[in-house]
Amino acid sequence: MNTGFSLTGKVALVTGAAYGIGFAIAEALAMAGAKICFNCRGEKHMADALDAYRQKGIEAHGYFCDVTNEDQVKRMVSQIEQEVGVIDILVNNAGIIKRIPMTEMSVEDFREVIDIDLTAAFIMAKAVIPGMLQKGHGKIINICSMMSELGRETVSAYAAAKGGLKMLTRNICSEYGGANIQCNGIGPGYIATPQTAPLRERQPDGSRHPFDRFIVSKTPAGRWGTPEDLMGPAVFLASDASNFVNGQILYVDGGILAYIGKQP
Ligand code: NAP
Ligand code: GCO
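Residues numbered from 1 in each chain as written. Chains lettered and ligands numbered in written order. Predicted model: local features only at pLDDT ≥ 70, side-chain atom pairs only at ≥ 80, totals over all residues. Heavy atoms only, no water.

Undergrad: Break down the overall build of the chain for me, with residues and values.
TA: Looking only at helices and strands, the chain has 8 helices and 7 strands in total. Dimensions of the chain, computed from the C-alpha atoms along their principal axes, are close to 55 × 45 × 40 Å. Looking at the chain as a whole, 49% of its 264 residues are labelled buried. A fraction of 73% describes how many contacts in the chain between residues 6 or more apart in sequence connect residues 24 or more apart. Element-wise, carbon and sulfur atoms account for 53% of the exposed surface of the chain, whose accessible area totals about 12,700 Å². Computed over 25 positive and 27 negative side-chain charges, the inter-centroid distance for the chain is 5 Å. (Helix = DSSP H or I, 4+ residues; strand = E, 2+ residues; numbered from the N terminus. Buried < 20%, exposed > 50% of the residue type's maximum accessible area, 1.4 Å probe, protein only. Contact = heavy atoms within 4.5 Å. Areas by Shrake-Rupley, 256 points an atom, 1.4 Å probe, with all protein chains shown as cover. Lys, Arg positive; Asp, Glu negative; His and termini not counted. Charge placed at Lys NZ, Arg CZ, Asp CG, Glu CD.)

In C-alpha cells:
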C-alpha cells in the first residue's frame with residue numbers, strides 16, 4: 001500500500017533547526033527521504049548542528065540567516081535553489097518567547113517577538129511560494145502553539161504572535177490552496193526544549209518547579225512533550241498523505257486543550 005508518507009527527493013527548509021523542535025522535525029523529514037536545509041544565526045550553533053546532523057547520518061545544508069531580514073531570506077532561498085533545489089517543504093519553526101508582565105514590557109520587546117514569531121513566517125512564505133507555484137505543489141508548516149488558542153500571564157506578545165500565525169496559516173491556505181499549496185500548523189503543547197528550560201528548573205531545595213508540576217497535572221498524558229513527539233505529525237503534514245488537509249492547526253499537546261483540569 002502506498003500511504004503517501006514518503007518525502008523522497010523533496011527539498012525541505014526548516015528554520016531555526018540547529019536544536020530543539022526544529023532539529024527533531026528536520027530529522028523526521030530526513031528519515032522520510034527529504035533533503036534537509038536549515039538556518040540559524042550563530043557560528044557555534046551552526047558548527048554544533050552540522051555535527052549533530054552528521055552523527056544522525058543526515059547530510060544537512062546549513063545557512064546563516066536571520067528570518068526577520070527579508071534580504072537575507074531571499075539570499076538564502078536562492079542559494080538553496082542553486083545548491084539543493086527548489087523548496088518543496090517549508091517549516092516555519094524559528095521562534096522566541098519573552099515572559100514579561102504586559103505593563104512592564106517595552107514596546108521594543110513586544111515588536112521583537114511579533115517580528116520573529118509572526119512577521120518572519122510571512123517573509124519566509126513569501127520567499128518560497130514562487131518556487132512552489134512553479135513546481136505545482138508545496139507544503140508550508142507553521143509552528144504555532146497552545147498560545148494560538150489560550151492566553152496566560154506574561155506572554156502577551158507571544159500569544160498575539162502565535163494567534164496571528166494561526167490566521168496567517170488559514171490565509172495562505174485560502175490564497176494558494178487552489179495552486180496545490182497546503183499550509184497547516186502544528187500547535188505543540190509544553191515541550192521540553194531550551195525555550196521552556198526556565199519553567200522546569202529545579203528549586204533551590206531540589207523540588208520541581210511549580211510550573212512544571214502545574215503542566216504535568218494539567219496534561220492528560222501526565223508528562224511534558226518531547227521534540228520527538230512532533231516527528232510523525234510533521235511528516236504527515238509535509239507529505240502527500242495530507243494533500244486534502246489545508247488551513248488546519250494540529251495540536252500535539254498530550255490533550256491539554258481538551259481538558260479543564262483536575263478539581264482542587
Ligand atoms: P528553542 O529551543 O528556543 O529554539 C528556537 C530556534 O529558533 C533556535 O534554533 C533559534 O536559533 C531560532 N531562532 C530564533 N530567532 C531566530 C531568527 N531571528 N532567525 C533565525 N533563527 C531564529 O525553541 P523550541 O522550543 O525548539 O521552539 C521552536 C518553535 O516551536 C518556536 O516557534 C516556538 O515558539 C514553538 N513552540 C515551542 C513550544 C515548547 O514548549 N518548547 C511549544 C509550542 C511552540 P538561534 O539559536 O540561531 O538563535
Ligand atoms: C510559556 C511557554 C509556552 C510554550 C508553548 C505552549 O511560557 O507558557 O513557553 O508558551 O512554549 O508555546 O504551546
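Undergrad: Go over the nonpolar core, please, and point to the residues and values.
TA: Most often, soluble globular proteins keep nonpolar side chains buried together rather than apart. Membership of the largest hydrophobic core comes to 36 residues, with the highest contact counts inside it found for Ile 25, Leu 29, Ile 36, Phe 38, Tyr 53, Val 91 and Ile 186. Those elements that place two or more of their residues in this core are strand 1 (11-15), helix 1 (20-31), strand 2 (35-40), helix 2 (43-55), strand 4 (89-92), strand 5 (138-143) and helix 8 (231-238). Excluding residues that lie within four positions of it along the chain, Val 91 makes contacts with Leu 13, Val 14, Thr 15, Ile 25, Leu 29, Ile 141 and Ile 143. In terms of nonpolar packing, the next biggest core, distinct from the first, is built from 30 residues, Val 67, Ile 123, Cys 144 and Leu 165 among them. (Core = buried A, V, L, I, M, F, W, Y, C linked by side-chain atoms within 4.5 Å.)

Undergrad: I'd like a description of the site of ligand 2, backed by residues and values.
TA: By nearness alone, 14 residues border ligand 2, and Arg 99, Ser 145, Arg 152, Tyr 158 and Tyr 190 come closest of all. When ligand 2 sits alone it has 340 Å² of accessible area, and the protein chains cover 97% of it. Considering only residue class, the shell around ligand 2 consists of 8 nonpolar, 4 polar and 2 charged. (Near = heavy atom within 4 Å. Nonpolar A, V, L, I, M, F, W, Y, C, P; charged D, E, K, R; others polar.)

Undergrad: Hey, could you go over the pairing of strand 4 for me, with residue numbers and the actual values?
TA: Alternating residues of strand 4 divide into Ile 89 and Val 91 and Leu 90 and Asn 92, and every residue in both groups is buried. In the sheet, strand 1 pairs with strand 4 via 3 bridges, with the strands oriented parallel. Directly across from Ala 12, in strand 4, lies its bridge partner Ile 89. As defined by bridge partners, strand 4 adjoins strand 5 across 4 bridges and the pair is classed as parallel. Bridge pairing in strand 5 links Ile 89 to Lys 139. What joins strand 4 to strand 5 is helix 4 (residues 107-135), and the crossover it makes is right-handed. (Pairing = 2+ DSSP bridges. Right-handed = clockwise from strand over helix to strand, strands pointing away.)

Undergrad: For the site of ligand 1, give the residues involved together with the corresponding values.
TA: Neighbouring ligand 1 are 29 residues; Arg 41, His 45, Asn 93, Tyr 158 and Thr 193 lie closest to it. Measuring from an oxygen atom of ligand 1, one finds a backbone N or O atom of Gly 95 at 3.4 Å. For ligand 1, whose free accessible area comes to 880 Å², the fraction covered by protein is 95%. Sorting the residues of the shell around ligand 1 by element identifies helix 1, strand 2 and helix 5 (156-176) as the ones contributing at least two each. Here the residues of the shell around ligand 1 sort into 15 nonpolar, 11 polar and 3 charged. (Polar contact = N/O pair within 3.5 Å; in protein donor to acceptor, adjacent residues only side chain to side chain.)

Undergrad: Could you give an account of helix 8, naming the residues involved and the relevant values?
TA: Here helix 8 lies mainly inside the structure; 6 of its 8 residues are buried. Among the residues of helix 8, Met 231, Pro 233, Ala 234, Val 235, Leu 237 and Ala 238 are the ones counted as buried. Contacts made by the buried residues of helix 8 are with helix 1, strand 4, strand 5, strand 6 (181-188) and strand 7 (249-252).

Undergrad: Tell me about the packing of aromatic side chains, and name the residues and values.
TA: Tallying each qualifying case throughout the model produces 6 aromatic pairs. Judged by centre distance (6.4 Å) and plane angle (45°), the rings of Phe 5 and Phe 236 are tilted. In this pair, Phe 5 is assigned in the segment before strand 1 and Phe 236 in helix 8, connecting sequence segments 231 residues apart. Phe 236 sits in the partly exposed class, given a relative accessible area of 26%. Each member of the aromatic cluster is reached from another via a ring pair, and the members are Tyr 190, Phe 211, Phe 214 and Trp 224. (Phe/Tyr/Trp six-rings, centres within 6.5 Å; stacked < 30°, edge-to-face > 60°.)

Undergrad: Break down unusual backbone geometry for me, with residues and values.
TA: A positive phi angle, close to 85°, is found at Thr 154, a residue other than glycine. Owing to a relative accessible area of 24%, Thr 154 belongs among the partly exposed residues under this scheme. In this structure, Asn 180 takes a positive phi of about 65° despite not being glycine. Tracing the backbone shows Asn 180 in the loop between helix 5 and strand 6.

Undergrad: I'd like a rundown of the packing of helix 1 against helix 8, residues and numbers included.
TA: The N-to-C vectors of helix 1 and helix 8 enclose an angle of 55°; their axes lie 9 Å apart at closest approach. In terms of axis orientation, helix 1 runs oblique to helix 8. Seen along the crossing, helix 1 lies across helix 8 with a hand that is right-handed. Touching Ala 24, Ile 25, Glu 27, Ala 28, Leu 29 and Met 31 of helix 1 are Met 231, Ala 234, Val 235 and Ala 238, all from helix 8. Taken together, the residues of the contact of helix 1 with helix 8 break down into 9 nonpolar, no polar and 1 charged. (Axes fitted to C-alpha atoms, helices over the stretch in contact; angles between N-to-C directions. Parallel < 35°, antiparallel > 145°, perpendicular 65-115°, else oblique. Left-handed = near helix turned anticlockwise from the far one by under 90°.)

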